[in-house]
Every structure is written in C-alpha cells, then in structure tokens.
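Residue-level listing of the chains:
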Amino acid sequence: MNIEISNICNLQCSFCPPVEREKGMMSLEIFRSVISQVAPLTDQVTLHLMGDPLVHPKLAEFIDVCAEFQTPIFLVTNGVLMNGVKEELLLHPIIRQVNFSLHSFHDNYGDKDPTIYLNKIFKFTERAFAERPELYINYRLWNLDEPLGVGAHNRSMLDRVGQHFQFAFNQDIDVRRNKSVRIKNRLHLHFDTEFTWPALDLPILGERGTCYGLSSHFGVLADGTVVPCCLDKEGKIPLGNVKEQAIEEILGNERSQKILKGFKDNKLVENLCQRCQYITRFN
C-alpha cells in the first residue's frame, strides 16, 4: 500500500513529472486512521507516491505509528536530506527496506561532486550492516544506457559504489532483463528504464490490458484520496476519500470493483489506464 505522506519533494528530476495538485502533507491524525485500517490488510506500507518522505517534519511520529500497529515500512528517498537524525529514523526496526534513488543527484546537480552525498548514504549502509543486518537496501541507478537517461553520470555513480564496497559490476548487464544485482549482504543495485507517466491528455494506447492496481496495491494521496495505483499521481481516478469513508468500503465500491474486474478480464475501463504506457509492460 502506497501512502503519500507528502507530495512535496526537495528535488525536481527530469524523469519525475511535477505534481499539479495543491502541495500538501498528510496529517498525523489521517495517517493513524489509515494505518489502523490497513494494518490487517497489507504486508507493508510505502510512505511515498509522489514527494520525498524525508521532507515531512512528522516522519518520526509516522514511523512510531507503523511500529504501534506492527506495519513494516518500505521507504523510497533521493537521500539528499540524509543527516544524523534521518539516519537514526531509517534504522528503526519497523523499516523493512530503504531505496536510495542515486540517479536523482546528477539529474539535479549536473557535474557537482557527489562525494558528500554518497558518503552519507554509505555511512547509513555500513551502520545498517552492523545494526540492522535484516534491512534491505537498494541503490537505484535507473536508465544506465537508455537514450532518456544520463548514462555517463550513472556509470560514474556505479564506479563509486563499486569502489566503496569492492564490488566488480558486470558492465554488459542488460537492464531490460536484470533489475537487481546483489552487492553485499542485503544491499542491492536496482535498475529500470524510463516510462511516460499516464495523463488524460495523452493519446489512447489501447482498451485492452491488465494491471496490478487494486490487486497487489493501491494508494492514498496526501489529501486522503484513494487511487487504484501508484501512477495516478494527480488523483484522476478518485475512488473515495479516507476522511469520509472506511478504506474497505472504498475498495469494495462499484467503481473500484469495475476497475478490478476489468483488469482480470483484460479490459481497461478507465480513461487514464487506456493512456498508461506502463501497462504495456504486462503484455
């Protein structure tokens, strides 16, 4: 389950479109209500849909709520805001996995030296090896050789990671087929390729297809709007709002069930889904 605790990010990456909605942060009251409802339904929550969770000033309280309800956390961040306080937060036992989007650094800072940035992430990783050996950590380096990506910068990051952990990376890896490579312990490199985020002003790609939305995951935006998947960044398929209805009622309503049945029948019933490039990956 994806809970967008904030739609505000400290960076603006070229591969991540800007949020058109009003900027906002989820309140602790709404977050507690959501966690209390989904704790029996999900294996873990991701404190992200858009925005970076490290931006939220109440992140510590959110983590404590997840611990109270024994709901593991999968956290994705660019890592730029890492410091001693954030380091302690991310070592909390309720956090199951942390992904650092290393490809975001050069995309925002050009040729700036990433040494200080990487050293903060390396320090956290080394502490996790010693104090939280069960914690999964992913270093994301997307678009290593794709035309839309910054190949040279990502290769430079890759070299620095390899040098630090004395890891020899296979330079011939096909990132279309291999998405993850283990570096050491539970630290992995994670790869993927760019895609175009779905939007209603894009052309229709097709009316047939399937998706994992509402079967493996769904999302709650910062204002409480429930959406069927993590790519509905603007809430164009609002299924309801957690401030007005219980989550199980929202997931069981007519629109939600029609979408879910459509996916099972290989039909895309929503306009946004018919314009989603990501869905083509499941063909």
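Every residue gets a number counted from 1 within its own chain, in the order that chain's sequence is written. Reporting in this predicted model follows two pLDDT cut-offs: at least 70 for local features of residues, and 80 or more for side-chain atom pairs to be given and counted; totals over whole chains, interfaces and linings ignore these cut-offs and use all residues. Computation of side-chain values: all heavy atoms of the structure, hydrogens and water removed.

Trainee: I'm lost on the state of the cysteines in this one. Help?
Mentor: Such a bond, covalent and formed between the sulfur atoms of two cysteines, is termed a disulfide. Two cysteine sulfurs form a disulfide in these notes if their separation is within 2.5 Å. According to the stated counting rule, one finds 0 disulfides in the structure shown. Here Cys 13 stays unpaired: no disulfide links it, and the sulfur of Cys 9, its closest cysteine neighbor, is 6.2 Å away. Think of it in three bands: residues with accessible area under 20% of the maximum for their type are buried, residues over 50% are exposed, and the middle band is partly exposed, with areas taken using a 1.4 Å probe on protein chains only. Residue Cys 13 is classed as buried on the basis of its relative accessible area, which comes to 12%. Of all cysteine sulfurs in the structure, the one in Cys 211 sits closest to Cys 229, which takes part in no disulfide; the separation is 5.3 Å.

Trainee: Honestly, the nonpolar core in this entry has me stumped. Any pointers?
Mentor: By convention a nonpolar core is built from buried Ala, Val, Leu, Ile, Met, Phe, Trp, Tyr and Cys residues, the set being connected through side-chain atoms within 4.5 Å. Core analysis: the largest hydrophobic core is formed by 81 residues, its most contacted members being Phe 31 and Tyr 139. Numbering of helices and strands runs from the N terminus; a helix is a DSSP stretch of H or I covering at least four residues, while a strand is a stretch of E covering at least two. Ranked by residues supplied to this core, first place goes to helix H5 (residues 115-131) with 7 residues. The residues contacting Phe 31, other than those within four sequence positions of it, are Ile 3, Ile 5, Met 26, Leu 47, Phe 62, Val 65 and Cys 66. Contact between two residues is taken to exist if any of their heavy atoms lie within 4.5 Å; hydrogens are not considered.

Trainee: What's the story with the environment of Cys 276 in this structure? I'm lost.
Mentor: Locating Cys 276 in the fold gives a position in the segment after helix H8 (254-264). Between the alpha carbons of Cys 276 and Asp 232 there is a distance of 9.7 Å; along the sequence they are 44 residues apart. In this structure, Cys 276 is in contact with Pro 198, Leu 205 and Leu 231, ignoring residues within four places of it in sequence.

Trainee: What exactly am I supposed to notice about the packing of aromatic side chains here?
Mentor: In this description, an aromatic ring pair is defined by two values, namely the gap between the centres and the angle between the planes. Ring pairs shown here join Phe, Tyr and Trp side chains whose ring centres sit within 6.5 Å, with only the six-membered ring taken for Trp; geometry is labelled stacked below 30 degrees between planes, edge-to-face above 60, and tilted in between. Considering all chains together, one arrives at 11 aromatic pairs under this definition. Ring centres of Phe 31 and Phe 62 lie 4.3 Å apart, and the angle between their planes is 15 degrees; on these two criteria the pair is classed as stacked. Linking Phe 31 in helix H1 (residues 28-38) with Phe 62 in helix H2 (residues 59-68), this pair joins segments that are 31 residues apart in sequence. Overall, Phe 62 belongs to the buried group, its relative accessible area being 0%. An aromatic cluster of at least three residues, connected via ring pairs, comprises Phe 100, Phe 122, Phe 124, Phe 129, Tyr 139 and Phe 165. Stacked on the ring of Tyr 109, the Lys or Arg Lys 112 has its end atom at 5.2 Å from the ring centre. In our convention, an over-ring charge means Lys NZ or Arg CZ found within 6 Å of a ring centre and within 35 degrees of that ring's normal.

Shape is all these values report; function is a separate question.
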